[in-house]
Structure formats: structure tokens, C-alpha cells
Amino acid sequence: MKAHPYSLLYYALLPFLSFHAVAEDIHKKTEEATKLEVIQVIGTKLDLKQKALEIPRSITVITDKYIEDTQASELTDVLMQTPSISVNNNDRPLMGDISIRGFGNERINLQVDGVNYKQYSDGSNTNGYISPLDLDPSVVKAVEVTRGADGISAGSGAIGGQIKVVTKNAWDYTAGNAGAGVLVRAGMGDVDSMRRGGITAYYATEDLGIALHANRRTFGDVEVNPRDDEDSLRGQTEILKNDGKNDDLRLKLNLETPIGRFDSDTFYTNSKIAELPFGNNTNWIDQPLNESETGKRLSQSLAYHLDSHSPWVNLQAQVYYQDYQRVREQQGKIILNPTEYPFDKKDTFEDKSFGLNLSNGISHEVNHWRGEVTLFTNLDYSQFQDEEFNRLTNTNGTYYGKSQGETFAFGLRHESDYSTWLSTEAGFRFDSYQNESDNYPQFGENRDNAWSANAGLTIRPTDWLRLYGRYNESFRGPNLRELYKKDEWICHRPSKQCYSEPQPDLEAENSRNYEVGFGLVFNELAYADRLLFKLNWFDTQVENYIDTAPYMYKIVDGQKEPASPTEATHRDYSSKNIGMLYSSGIEAELTYQYNNIDMFANYSKVKMDVEGMPNFYLGTIEDIRQPYNRAPQDKINLGISWQLISQLRLSWTSSFAMDMTRLPEAQLKREMDAEGYQLHSVYLTYQAPWLASLELRAGIENLMDENYSVWPDDEEKTLPGRNYKLALSYQF
């Protein structure tokens, strides 16, 4: 049977299979399963061992075949072809904040081999430029994207959804057999001066797998297409100064023993971006001021899995440690004649996490009803601290200070299948958290608890029709940077005071997510080996949404009163619970397979509204429901993979983003809406018949040399123009 690079989109279009981020016994796969590219990231005994289990979740799984064929130099590149996903602030390599259905930062859960990777923010503003998914895509086996709230599995943060990454182990390179070897790879890109190289050494026996990955990516100045006021400069190249580098080192050990399986994952990444304008804002690009940022991550996890083949015991345990350090340096000055504003400082932060995850699955089977109950508990401890050094005054300071938080959670989830016509899922989770600051102890602790619940079902009235519905609750506790930050400065004019202060009484965001839809499944038609379609409608409501939009005041008789920007004497940049946020929309997905051709198409439309947002222009609090400006653009994605001959494969992807006009009235009056764009890319993969271990790849991205930016980025943050890519790999 042929291997299709988009075969895993089969699971994206069916609202049933539940994937989890623990790889199960890869080396025991049969050779046929390997050819089918069935990626066994299995969390229960039911998944993939019986395909009749269909759970209503909006999931897309991206395979390593797709990543390799598109020669992805960054993991965010492969996410943008999935519905409702956007990556903004990514005008330079190694950067970009990921959002799902308009929710970004720490409102989505990112995991790499079961370890959480954070998007650092204080409210809606990110604290770092470097993308949190800082690993090299060449070692990734699969990316699982879950859209929609999933508080049961993730706890705090998964209001928008989850992205789980599984990296390759030794058995992935030996097709599940014993063996050893070395894989070398290299690649280049034209538009961003990208150069990449890497090596993987692996050794596998029946019971032991060892894989060592070492990769380096470097990036230079970026060629973009500017746009003038009349929108007439398409195709005329401009250079954005850039200097970036990423080193990625990973060691994976897997050991099968009579008492269970042991896994060890050790990761180290070092990323640096330089020659950025102040605040990474193109408005300051011509000033004699630049920034650089470095991010270092060390992660270690140890996992144990015991499947006793007893219905009562399917035990999994994991402990992890992660240390992330960010350093940002600013040098130079901003000149606003006749005044010069010098900026010459260095600020750092360090975030440490320690955790323990335990779970046990209990299977049951009664007549035609079978399922599994999973009991789980989690412990997590985190520390955060920052420091600022002002070289102009030779003084040290802090904005967030040193703080720590603890979380304890437990819960239960149940997945079951009744005969062939009904599948169900249900569960609950309890989280208790406590946060405190060493620098601001007078503000006290922030502690609370939250319950999450979910329920869903899939009905199969015929072999080709699926009907499903799902309800899910989720929450996000305020993070340490939202709770504890304090500063005061003169801003905008000498009489105006700007400040932020600790907010220990911040309440957790609470969301309710509803989804309904249907799926169509057709196999072995006259002109289709497989035709699948899925339509999904969702509605998410978030209470106590946290934002950092400035509250403007004037002091009247010693009391604060809301005021317009011209009247205001104070601006408060503290994080606040602003009210309600709404996110709703539809997602449609189609996949088609026939002979040597695989095709996919998807469409997403997301609408976001908010109540309680401060009006920047009037200084008032808007209690009416109005558009929220962080929803992604409506978008259509298309793709095709055609195995022309046994040695040559052609791939094509296209994206069509619509104009963004669903904005607050004040922004529309100021013409802050964004134009749509269309991008087309083509790739070729060649496997030499005279040297089976050699693969050559070539591609052209942004084929039409389109000028574009991804909302909600500023229109001036233009992304790269036409990009020529080459890559090769050879396995000894």
C-alpha cells in the first residue's frame, strides 16, 4: 500500500479519534502499519485498536511526511494550513505567537513530549519575541492540534485548545526493527538567508532505543515586499535587517523491561534573534536603536508506563523539570527632534517548572458496551523572576519581581463505545492553585480552585454519517506576570502618569465551549478511494477575561474618574478582569484520496466579541458587546500531493485570507482594517532509485511574490516575499 503524505488528515476530518502525547511501543508496529503512517500516540487501550470508537473532538494531526515535503524550517510554518490557526508577530524567523480561534499566549496549551512549553505574557501582551515552539521541525514525528477548550486534559490554559508535539525516537528510523545508523540533513532558503544542518545518530534493539538529535538553523536579512499608501509597490524588494540562530540538542532513551517501559527525554535549545527595531515595531526601524533577544531552554522528563494486560492496570507516570531563560538587550536611542531618548539596558527573566503526572486506566466490557475509565492527578510548582539593568544609570531593578506558584489537580475521564452506533466521553477535573510574590508580600496571596467538566457523544446512524456534539468547560488561572508587576513612569507628556501595580485579586478566566457538527465518510467510490467531509460549529464564552488595555483616569477630589486621552492624568496598565469574551464560528474540512493523489481543503470563520473593554480613544469602559480585534481572518487552505512516479512527488499548498473588517468602530474609522492575501507554494520530493537512502527536495514559497501580513499584525509588518528552498537528507 502506498504511503500518502496527507493520510493522517483522515483523522482530522473524523470527529472521533482521541490522540494523546505519549508514544506507545513504536518498535512493535508491523511493517504494514509503518507504510500506512499510522502514528501511534495512544493514551488508552481503545484508541486505534478499534476504529469504531469515535469521540467528538476537532483534531488535526500533521505528519512528519508533510513537514519534510514542505521543508519546514520552523514548526509554526506547518500549523498555518490548519483551520482557525494563526501565527502573528512573525515578520522575522524564530518568532511568532500562536493562536487558536483567536486565543493565544497562555490560553492555549503547548506540549512537547508531554512537557508544557509556555507562551509568556502578562494579559494579552507577550514578554518575549522568540516563538515558544523553538525545536527544529526535522525531528518531529507528529503535531496534534485540538481546537476548542479542553480543560479536562490540560487544566489551566487550554481555553482555545492544545498543540501537542511528538518527537522521533530510535525505532522511528528503523521501522520498528533492531538496527543502528546515522541520518544527516541540510537545507537552505533564499528569502531569509536560511541555512540548516543536522545529524541524528540512533541505535535500536528489541528492548532499547537511543536517539541523539543535533541541529542548527541560522537566518540572515529578510527580503519583503513593501506597500505604499496607494498599494502599488508589490514586487519591489526591501530588506529587513535580521540575525537569528537556533541550536537544538535532544537525547531520547526508551527501554522496555519486564516491569514496564521507561522513557527519558532531554532537550536543550538556544535561540537568538538580533538587529530588531525598538519593541520589534517597524515604526522605529530607522532609529539608531536595536534590540536582541536570547532564549535558552533546558527540559528533562522521565516517564514510566506499565500495561499489565489486566483491565485494572494501565499505569503512566511522568516527572519533569524545565528551565527557560530569556535575555533582552537594548542599545541606542530614539531621536524625536530636538529631543533624544536614550535606551541602553538589559533585562532578563527565568522561569522554572517542576511537575509530576500520574494516571491509571481501568477497562470494562459488558456485552456490546466497552470503555475505559482514567483516574489522574497532577502536581506542578513554578518559579518566575526578572531583573533589569539600566546601563545609563548603572542601577538594577525589577518589574515582575520574584514569585512562585503551586497547582494540584485530580480528575476522571471516561471514554466508551456502545456497539457500532454510539460513542461517548465524559469527565471532570478539580484544580487548586496558589501564587505569591517575594517582592510584593504586602499584596498577599492569590489562591483559588476551579472545576472543569466535559461531555460528548457521536452517533453513527449509517456507515457514512456521523453526528456529534460536545460541551466542555475550561479555565485559566492568572499567571505570575499578570499578578505581580509594579512600575510608575512619566509618559506621553510631563503631566501624565503611567503605572502598573500588583493585582492579587485577579479572578480566573472561565470558559464554556459548545460544539456540534456532522461528518461524511465514503470509501471505495468510482473516482475516490476515500472522500471525507466534516462541518463543525463552535461557540465559546469566557467570563472574567484578562487584558492589559490601558484604563485612563483623571483625579477629581482625590477620586479616579474615567477620562479621554487628552483629559486623563493617569494610565493604568495593570492586568484586569474586563468582562466577557465570545468566540464563535464554523470550520469545514474535506479530504480526497484517489490512486496516487491526495487532496485536502478547509475553511474557517471565527467571530470574536467582547464586553467591558476600555475605549482607548474616549477613556470610557464599553459595557456593550462589540467586535474584538484578535480574531483571525477568514481563511481557505488547499493542498495536493501527487506521486507522479515512484521516485517523484509533487506537493502544492494555497492559502486565501479574506479582508479583516470585523473591528471596533473606532478602529474602522481610523482605517485600521487589514487586506486579505493569497499565498501559493509548490514542492518537489525526489528519492533517487540508485541510492534509496538519499532524498532531495526543492520548493518555491509565496510563488506570486505576494505582499501580505497576518492579522492582527500591523499592515507594515510585511512577511517574506518569494522564497526558494532546497534540502537533502541521507541515511547511512
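Residues numbered from 1 in each chain as written. Predicted model: local features only at pLDDT ≥ 70, side-chain atom pairs only at ≥ 80, totals over all residues. Heavy atoms only, no water.

Our focus in this paragraph is the overall build of the chain. For the chain, the count of helices and strands is seven helices and 42 strands. Each of the 732 residues in the chain was classed as buried or not, and the buried ones make up 55%. Counting contacts in the chain only where the partners sit at least 6 residues apart, residues at least 24 apart contribute 67% of the total. Within the structure as shown, the chain displays about 29700 Å² of accessible surface, and the carbon and sulfur contribution to it stands at 55%. (Helix = DSSP H or I, 4+ residues; strand = E, 2+ residues; numbered from the N terminus. Buried < 20%, exposed > 50% of the residue type's maximum accessible area, 1.4 Å probe, protein only. Contact = heavy atoms within 4.5 Å. Areas by Shrake-Rupley, 256 points an atom, 1.4 Å probe, with all protein chains shown as cover.)

Moving on to the pairing of strand S30 (residues 551-556). Taken residue by residue, a regular strand's side chains alternate between the two faces of the sheet. Of the strand pairs in this sheet, S30 and strand S32 (residues 570-572) are connected by three bridges, and their pairing is antiparallel. Bridge pairing in S32 links Met 552 to Arg 571. Bridging between S30 and strand S31 (residues 559-562) involves four bridges; their strand directions are antiparallel. Opposite Val 556, over in S31, you have Gln 559 as the bridge partner. Linkage of S30 to S31, two consecutive antiparallel strands, is achieved through a turn of two residues, within which Asp 557 is found at a positive phi near 55°. (Pairing = 2+ DSSP bridges.)

In this section: unusual backbone geometry. Following Asn 337, the chain continues into Pro 338 via a peptide bond in cis, with omega recorded as 0°. Turning to its location among the elements, Pro 338 is positioned in the loop between strand S17 (313-336) and strand S18 (339-342). The phi dihedral of Asp 557 falls on the positive side, at around 55°, and the residue is not glycine. By the element assignment, Asp 557 lies in the loop between S30 and S31.

With that settled, consider the sheet that holds strand S26 (residues 487-490). Judged by pairing direction, the sheet is mixed, and its five strands sit side by side in the order S26-S27-S32-S30-S31 without closing on themselves. Edge strands, defined here as strands with exactly one partner in the open sheet, are S26 and S31. When the angles between neighbouring strand axes are averaged without regard to direction, this sheet yields 30°. (Axes fitted to C-alpha atoms, helices over the stretch in contact; angles between N-to-C directions.)

Here the structure, examined in full by the defined rule, presents eight cavities of 30 Å³ or more. Counted as a void, the second largest cavity has a volume near 850 Å³. Along the wall of the second largest cavity there are 48 residues; nearest its centre are Asp 77, Met 80, Leu 679, Glu 701 and Tyr 708. Residues of the lining of the second largest cavity, tallied by class, amount to 22 nonpolar, 18 polar and eight charged. (1 Å grid on protein atoms, 1.4 Å probe; cavity = no way out; pocket = protein on both sides within 12 Å on 5 of 7 lines; lining within 4 Å. Points joined across faces, edges and corners; volume = space filled by probe spheres on them. Nonpolar A, V, L, I, M, F, W, Y, C, P; charged D, E, K, R; others polar.)

In globular proteins that are soluble, nonpolar side chains generally tend to be buried together. Grouped together as the largest cluster of nonpolar side chains are 25 residues, with contacts concentrated most on Leu 75, Leu 79, Leu 133, Val 143, Ile 163 and Val 165. Setting aside residues no more than four positions away along its own chain, Leu 75 makes contact with Ile 67, Leu 133, Leu 135, Pro 137, Val 140, Val 143 and Val 165. Counting residues in each nonpolar core, the second largest holds 21 residues, with Ile 159, Val 606, Met 608 and Val 610 among its members. (Core = buried A, V, L, I, M, F, W, Y, C linked by side-chain atoms within 4.5 Å.)

Spatial strand order, S2-S3-S4: three strands in an open sheet with antiparallel pairing. Sheet topology places strand S2 (85-88) and strand S4 (103-104) at the edges, where each strand pairs with a single neighbour. With four bridges joining them, S2 and strand S3 (residues 97-100) adopt antiparallel strand pairing. Looking across to S3, one finds that Val 87 is bridged to Ile 98.

As for its placement among the helices and strands, Gly 612 is situated in the loop between strand S34 (597-611) and strand S35 (613-614). The buried category is assigned to Gly 612, whose relative accessible area is 5%. On a C-alpha basis, the gap between Gly 612 and Tyr 545 in space is 9.3 Å, while along the polypeptide they are 67 residues apart. If we skip the residues at most four places from it in the chain, Gly 612 touches Tyr 551, Ile 578, Ile 621, Glu 622 and Asp 623.

Attention now goes to the pattern of salt bridges. Taken as a whole and judged by the stated rule, the model has 45 salt bridges. Where Asp 64 meets Lys 168, a salt bridge forms, and the shortest distance between an N and an O atom there is 3.5 Å. With Asp 64 in helix H3 (residues 64-69) and Lys 168 in the loop between strand S8 (161-167) and strand S9 (179-189), this pair connects stretches of sequence that are 104 residues apart. One network of salt bridges, in which partners are shared, links Asp 64, Glu 68, Asp 69, Lys 168, Arg 649, Glu 695 and Arg 697. (Salt bridge = Lys/Arg side-chain N within 4 Å of Asp/Glu carboxyl O.)

Direction of pairing for S9 relative to strand S42 (residues 723-731): antiparallel, over a ladder of seven bridges. If you follow Gly 187 over to S42, its bridge partner there is Ala 727. Of the pairings in the sheet, the one linking strand S41 (residues 694-701) to S42 comprises eight bridges and is antiparallel in character. Directly across from Ala 698, in S42, lies its bridge partner Leu 726.

These figures come from the coordinates and say nothing about function on their own.
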